[in-house]
Amino acid sequence: MTKSVEILESKQSDLDRFVEKARAAAAVVTDVGTFQEAVSYTLNLCGSRGACRLKVSGCEEPLSPNAEDLCETKQGKIIAAPHLSSDQFELLESQCVENGFGCISSGMRSQLAGVDIGFTYGDIGIAETGTLVLNCPGEELRLATMVCEYHVCLLAKSKIVKDAFAAEEQMRQFMNKGPNYTAFITGPSRTADIERVLTIGVHGPLELHILLVEE
Amino acid sequence: MQEAKSLKNYRKECRDSLGNDYLRKALDAFAVAYRKSRANAFAEFDVEELIGDVVAMKDDALQQLDALYDQFKEKAEGAGVTVHYAKDAAEANAIISRIAKETDCKKVIKSKSMTAEETLLNHVLEDDGLEVTESDLGEWIIQLRHEGPSHMVMPAIHLSRYQVQDLFSDVTGTRQTDDIEKLVKVARRELRQKFAEADMGISGANFAVAETGTIGIVTNEGNARLVTTLPRVHVALMGIDKLVPTIGDALRILKVLTRNATAQAITSYVTWVTGANECETSPGRKKDIHFVFLDNGRREMAADPLFSQVFRCVRCGACANVCPVYRLVGGHTMGHIYIGAIGLILSYFYHGPDSARNLVQNCINCEACKDICAGGIDLPRLIKAVHARIQDEEGHPIPSLLLGMIMKNRKLFHTLLRTAKWAQKPVAGDDGFMRHLPMIFFKDHDFKALPTVAEKPFRDLWPKLKPAIKNPRYRVGLFSGCVQDFVYPEQMVAAVELFADHDVEMSFPMKQSCCGLPLQMMAEMKTSRDVALQNLRAFEKENVDYIVTLCASCASHLKHNYPELLKDDLKLKDKVAAFTSKVIDMSSFVHDVLQVRAEDFQGDGKKVTFHAPCHLCRGLGVHDAPRNLMKTAGMDYQEAAEAEVCCGFGGTYSAKFPELSRQLLEKKLDNVEATGADILFTDCPGCVMQLRGGMKKRGSTIEVKHTVEGLAERRKKK
Ligand code: SF4
Ligand code: SF4
């Protein structure tokens, strides 16, 4: 076997493993190919599946007056997409407008009640655990991935590596840049603190959608 | 939090915990599920190797702790963090309280930190007038209930959904349902608003990476991401033991940590925070960020040759998950703030002898924790060592001293055992069980029938019994241990018959005494050493290939603890090594050395099962030998559920905590009965005593025997 074939094969097996492990951690993984397809997927998710209900999750439960008040601050359906290139943001925004959804790239602090979808790019995918690595020094990006109901994360297939140790050097670079913030994200937010029953979405997203793109 | 003032009160607390049915059921289910899912989580890996990596790295980090701290501080401060060092809990709390005042914070949101539990930080902040909210769901629940955690990873594992339902009804002022999913959503909304309001976030840290000045925080809920992002001030409190050299080192710990803690390949989130990162609401849009390192007894521990290994603890909580005592009484009783095996040790160093005095006695020495520890820490040994320290500092209790005095003198000890035979005469039945319990020792022991001391100990039978072997294959020295010598000599006789069939020449050095484990269990270390030396001397002149014992506890103690006990006498080093390398348990000897075959036995197809003594399966790592032997000897072997969980004997433990011992026994017997076996075999006379007594008390027809008896009885007559 030639060297390049070997590399290709090991890349393929990292990709397969990434998909398998991410799914095992309750992420939804779809190979969409292009950015345009990712946008369609996201709008479709917002329209046809449970996301983008007017009320964010938990707001239909009996709450204390203060918690109710925070719920009330969310008035429309919103997709938050900080840190996209301007071309990409425009494309997403125009399609959101067509569908009557709000689309923002900043101002997350006034959206703490929750946004419907956080739309981001992952920096590395770790095959061994199905983990996304998100370098997110900017707080808009961090908040978009935390206060959203659904997190949609695009990942270039070329960015998938075998295990965390293969990402070590890149992490070192992130962290040596001065102030930095990096997150490993594997599946949705979860807890088992009540009777050890696995429950999704305690603080962060209720669903994690990983969209694989070519580049 | 366990705070009993006396052992008597502590025992009462244990009894009260035993009465909590929900807790018992929850922890039982957890213990069983955990073992299975942990095995799955590690399935692709060599666990020993992964743990070995952590051990090597942590030991190395400890050697250069000061340098790591300096490096971390330089890097972190270079990126805009203020790094603080606190020598004890009060100092750490004062630092954080000062930061809150200086930055004019009013509301604090916290993510989970055992270190903040350790310093009781919340009390101090609340006294300062701050509103403090825990954001980890479990922590929030126990905070609202004004309780401490009952598990290091799952702090509210002791509570039912109904208790949470009532609690949340109070908090929201509206009636909640008992639907867990809905309760979690309520917490999501209630806490989101707390996040939005907070001006200070307090987190712990799982790693402090020196090369970059980064902290790593491991969570499933993602609350640490909000705690470290939303408030304008962030304080992270961590022990100095969290320092690691590189990111790779943190990743190595992570790989074991989550798999060992919750059987997850990784948690949903791992958050890496470096420097004064962006924060919209801080002046200059830079987070006001402080890392507080805590000593609080850690350096004292690190300087101690025995206790320094505690530094390897990664706080996975697994030592509680597998502890049979934790499973019975839960974390509020099996811990002060830190819980389970590690809790018994840390309580002494972090919170002083008062918090540890009673706790350290509540270990049955089953070694389940040691077997699973992510840091490869010899937890049971350290628990005993803490116990010994406290006794040395405060004086030894009388029964413990007496036992020590008696045991130091083998002749006196043996004479007492012989006279016990007469003392029990009026109350012994003809079936080998005592009707009443004459010995003060055993006053709470009525849950199992106790055996009587044998008419003639094995040492008296030996001179007549010793077989003449013409062409010996092996020469073996027999080590009987006190129970087989004086209570169950028939087990020794069975072994002699079996071995003789296979041309094993045997000797029985008369000067051997108790192995010394009971002394170790009562933390009588000095006498334990004396007895070890006597035994070493007794076998010194014997020219034998193996020293065989039928008692798994003796074998593991002789093999693993003697080198430690006798290590100060350098002249003995070679002798000890020669001695310990010869020690082997009966099943391994018969299975691995004699390699008996099916043709050697007359099988009868009896349905049998096995209880694996702690010191056999974990102490010696022997799993298959006894089970294979039963099959080889033609029996129908049925594996019982939880065959490798402690039977509750634990030597002197069953005298100190009879109620707990009893519960462990009941569970064991249920599992055995469920197999439908006629005979229960085990490889330890102590376990035989516990199990046979328990069966007798139940009126069960299941026979309890030593494995060697089962083998000897099925020998093909030559
Ligand atoms: S040795 Fe057994 S009883 Fe003692 S702390 Fe460890 S697991 Fe618990
Ligand atoms: S002592 Fe070992 S098992 Fe217990 S919490 Fe620490 S690392 Fe985990």
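Thresholds, definitions, all that
For every chain, the first residue of its written sequence is number 1, and the numbers climb from 1 along that sequence. For this description, chains carry letters from A and ligands carry numbers from 1, given in the order in which they are written. For this predicted model, a pLDDT threshold of at least 70 governs which residues receive local features, and a threshold of 80 or more governs which side-chain atom pairs are given and counted, while totals over whole chains, interfaces and linings are taken from all residues. Here the side-chain values reflect all heavy atoms present in the structure, with hydrogen atoms and water set aside. Disulfides are defined as cysteine sulfur pairs within 2.5 Å. Helix and strand definitions follow DSSP, with helices as H or I runs of at least four residues and strands as E runs of at least two, each counted in order from the N terminus. Here, axes are lines fitted to C-alpha atoms. For helices the fit covers the stretch in contact, and angles between N-to-C directions go from 0 to 180 degrees. The cut-offs work like this: below 35 degrees is roughly parallel, past 145 is roughly antiparallel, 65 to 115 is roughly perpendicular, and the gaps in between are oblique. The criterion used for residue contact is that any of the two residues' heavy atoms lie within 4.5 Å. Polar here means any residue outside two lists: the nonpolar Ala, Val, Leu, Ile, Met, Phe, Trp, Tyr, Cys and Pro, and the charged Asp, Glu, Lys and Arg; Gly therefore counts as polar. Strands pair, by our definition, only if DSSP identifies at least two bridges between them. Only rings of Phe, Tyr and Trp enter the pairing, Trp through its six-membered ring, and a pair is recorded when the two centres are within 6.5 Å. The plane angle decides the type: under 30 degrees is stacked, over 60 is edge-to-face, the rest tilted. Buried, partly exposed and exposed residues are distinguished by accessible area as a fraction of the type maximum, computed with a 1.4 Å probe on protein chains only: under 20%, between the cut-offs, and over 50%, respectively. Taken from the helix axis, the directions to the C-beta atoms give the arc we talk about. What gets called buried area is simply the loss in accessible area from a 1.4 Å probe that two parts show on being joined, summed for both. For salt bridges, the criterion is a side-chain nitrogen of Lys or Arg within 4 Å of an Asp or Glu carboxyl oxygen. Annotation comment: domain bounds sourced from an automatic or database domain assignment.

What follows deals with the state of the cysteines. All names here are of chain A. Counted under the stated rule, the structure contains one disulfide over all chains. Note on cysteine connectivity: Cys59 is disulfide-linked to Cys71, with sulfurs 2.0 Å apart. Its S-S torsion of about -85° marks the bond between Cys59 and Cys71 as left-handed, since a negative value means left-handed. Of the two residues, Cys59 is situated in the loop between α2 (35–48) and α3 (65–72) and Cys71 in helix α3; the sequence distance between them amounts to twelve residues.

Residues and elements named next belong to chain B. The contact between helix α2 (residues 21–41) and helix α12 (residues 247–262) brings their axes to 8 Å, and the two run at 155°. On the basis of the axis angle, α2 is roughly antiparallel to α12. Contact residues: Tyr34, Arg38 and Ala41 in α2; Arg259, Asn260 and Ala261 in α12. Among the residues making up the contact of α2 with α12, the classes are represented as three nonpolar, one polar and two charged.

Right, let's talk about the environment of Val493(B) for a bit. The topology assignment puts Val493(B) in helix α24 (residues 489–501). Setting aside its immediate chain neighbours within four residues, Val493(B) contacts Phe458(B), Leu461(B) and Leu465(B).

Once that is clear, we can look at the pairing of strand β11 (residues 474–479) of chain B. Residue and element names in this part refer to chain B. Two elements, β11 and strand β12 (residues 504–507), share four bridges in a ladder whose sense is parallel. Pairing of Arg475 across the sheet is with Glu505, part of β12. Bridging between β11 and strand β13 (residues 546–549) involves four bridges; their strand directions are parallel. Following the sheet pairing, Phe479 is matched in β13 by Thr549.

Quick look at the packing of aromatic side chains now. Residue and element names in this part refer to chain B. Taken as a whole and judged by the stated rule, the model has 24 aromatic pairs over all chains. Judged by centre distance (5.8 Å) and plane angle (15°), the rings of Phe207 and Trp272 are stacked. Residue Phe207 is located in strand β5 (residues 207–209), and its partner Trp272 is located in strand β9 (residues 269–274); the two are separated by 65 residues in the primary sequence. Considered together, Phe207 and Trp272 belong to a single accessibility category, that of buried residues. Aromatic pair Trp462 and Phe508: ring centres 6.3 Å apart, planes at 50°, arrangement tilted. Residue Trp462 is found in helix α22 (residues 458–465), and its partner Phe508 is found in the loop between β12 and α25 (517–521); the two are separated by 46 residues along the sequence.

Moving on, we come to the packing of helix α8 (residues 137–144) of chain B against helix α9 (residues 161–172) of chain B. Residues and elements named next belong to chain B. It is the contact of α8 with α9, at a shortest axis distance of 11 Å, that shows an interaxial angle of 70°. Classified by the angle their axes make, α8 and α9 are roughly perpendicular. From α8, Leu137, Trp140, Ile141 and Leu144 reach across to α9, where they touch Val164, Leu167, Phe168 and Val171. Taken together, the residues of the contact of α8 with α9 break down into eight nonpolar, no polar and no charged.

Turning our eyes to something else, we now look at helix α6 (residues 168–175) of chain A. All buried positions along α6(A) are accounted for by Glu168(A), Met171(A), Arg172(A), Phe174(A) and Met175(A). For α6(A), the angular spread of buried residues about the axis comes to 160°, placing them on one side. In this structure, the buried side of α6(A) is in contact with β5 (124–126), β6 (131–135) and β9 (180–185) of chain A together with β6 (214–219), α12 and β9 of chain B.

It is worth spelling out the environment of Thr707(B) at this point. All names here are of chain B. Relative to the elements of secondary structure, Thr707 occurs in helix α35 (residues 707–713). Note on Thr707: relative accessible area 1%, which makes it buried. For the pair Thr707 and Ala41, spaced 666 residues apart in the sequence, the C-alpha separation amounts to 34 Å. Excluding residues that lie within four positions of it along the chain, Thr707 makes contacts with Met586, Phe610, Met630, Phe681, Thr682 and Asp683.

It is worth spelling out the interface of chain B and chain A at this point. Of the residues lining the interface, 81 residues belong to chain B; the matching set on chain A comes to 66 residues. Buried surface at the junction of chain B and chain A, summed over both partners, amounts to about 6100 Å²; 57% is from carbon and sulfur atoms. Three residues stand out in chain B for area buried against chain A, namely Arg188(B), Arg189(B) and Arg225(B), and they jointly supply 13% of the buried area on that side. Along the contact surface separating chain B from chain A lie seven salt bridges.

Residue and element names in this part refer to chain B. As for its placement among the helices and strands, Asn535 is situated in helix α26 (residues 525–540). For Asn535, a relative accessible area of 0% gives the class buried. Dropping the residues within four chain positions of it, Asn535 is found in contact with Phe479, Gln512, Ser513, Cys514, Cys515, Tyr562 and Phe579.

Moving on to the sheet that holds strand β8 (residues 243–244) of chain B. The strand order across the open sheet formed by eight strands is β8(A)-β5(A)-β6(A)-β9(A)-β9(B)-β6(B)-β5(B)-β8(B), and the pairing between neighbours is mixed. Lying at the two open borders of the sheet, with one neighbouring strand each, are β8 (160–161) of chain A together with β8 of chain B. With three bridges joining them, β5(A) and β6(A) adopt antiparallel strand pairing. Residue Ile126(A) lies in a different strand from β6(A), and its bridge partner there is Thr131(A).

Residues and elements named next belong to chain B. Per the domain assignment, the segments of chain B are domain 1 (2–38 + 317–340 + 353–394), domain 2 (42–142 + 197–298), domain 3 (425–592) and domain 4 (598–713). Centre-to-centre, using C-alpha coordinates, domain 1 lies 26 Å away from domain 2. Contacts between the two partners involve twelve residues from domain 1 and, on the opposite side, 16 residues from domain 2. Buried surface at the junction of domain 1 and domain 2, both sides included, amounts to about 1100 Å², of which 56% is carbon and sulfur. Seen at the junction of domain 1 and domain 2, the total is zero salt bridges.

We now examine the pattern of salt bridges. Residues and elements named next belong to chain B. Scanning the entire structure with this criterion turns up 66 salt bridges over all chains. The partner of Glu102 in a salt bridge is Arg98, with the nearest N and O atoms 3.7 Å apart. A residue pair is termed a helical-turn pair when its members lie 3 or 4 positions apart in one helix, as Glu102 and Arg98 do in helix α5 (residues 89–102) at four residues. Across the pair Arg698 and Glu673 runs a salt bridge whose closest N-O atoms are separated by 3.0 Å. Highlighted residues: Arg698 in helix α34 (residues 685–698) and Glu673 in helix α33 (residues 658–673), separated in sequence by 25 residues. For Arg698, a relative accessible area of 29% gives the class partly exposed. Look at Glu673 and you get partly exposed, because its relative accessible area is 34%. Each of the salt bridges in this network shares a partner with another, and the network as a whole consists of Asp28, Arg35, Arg327, Glu642 and Lys667.

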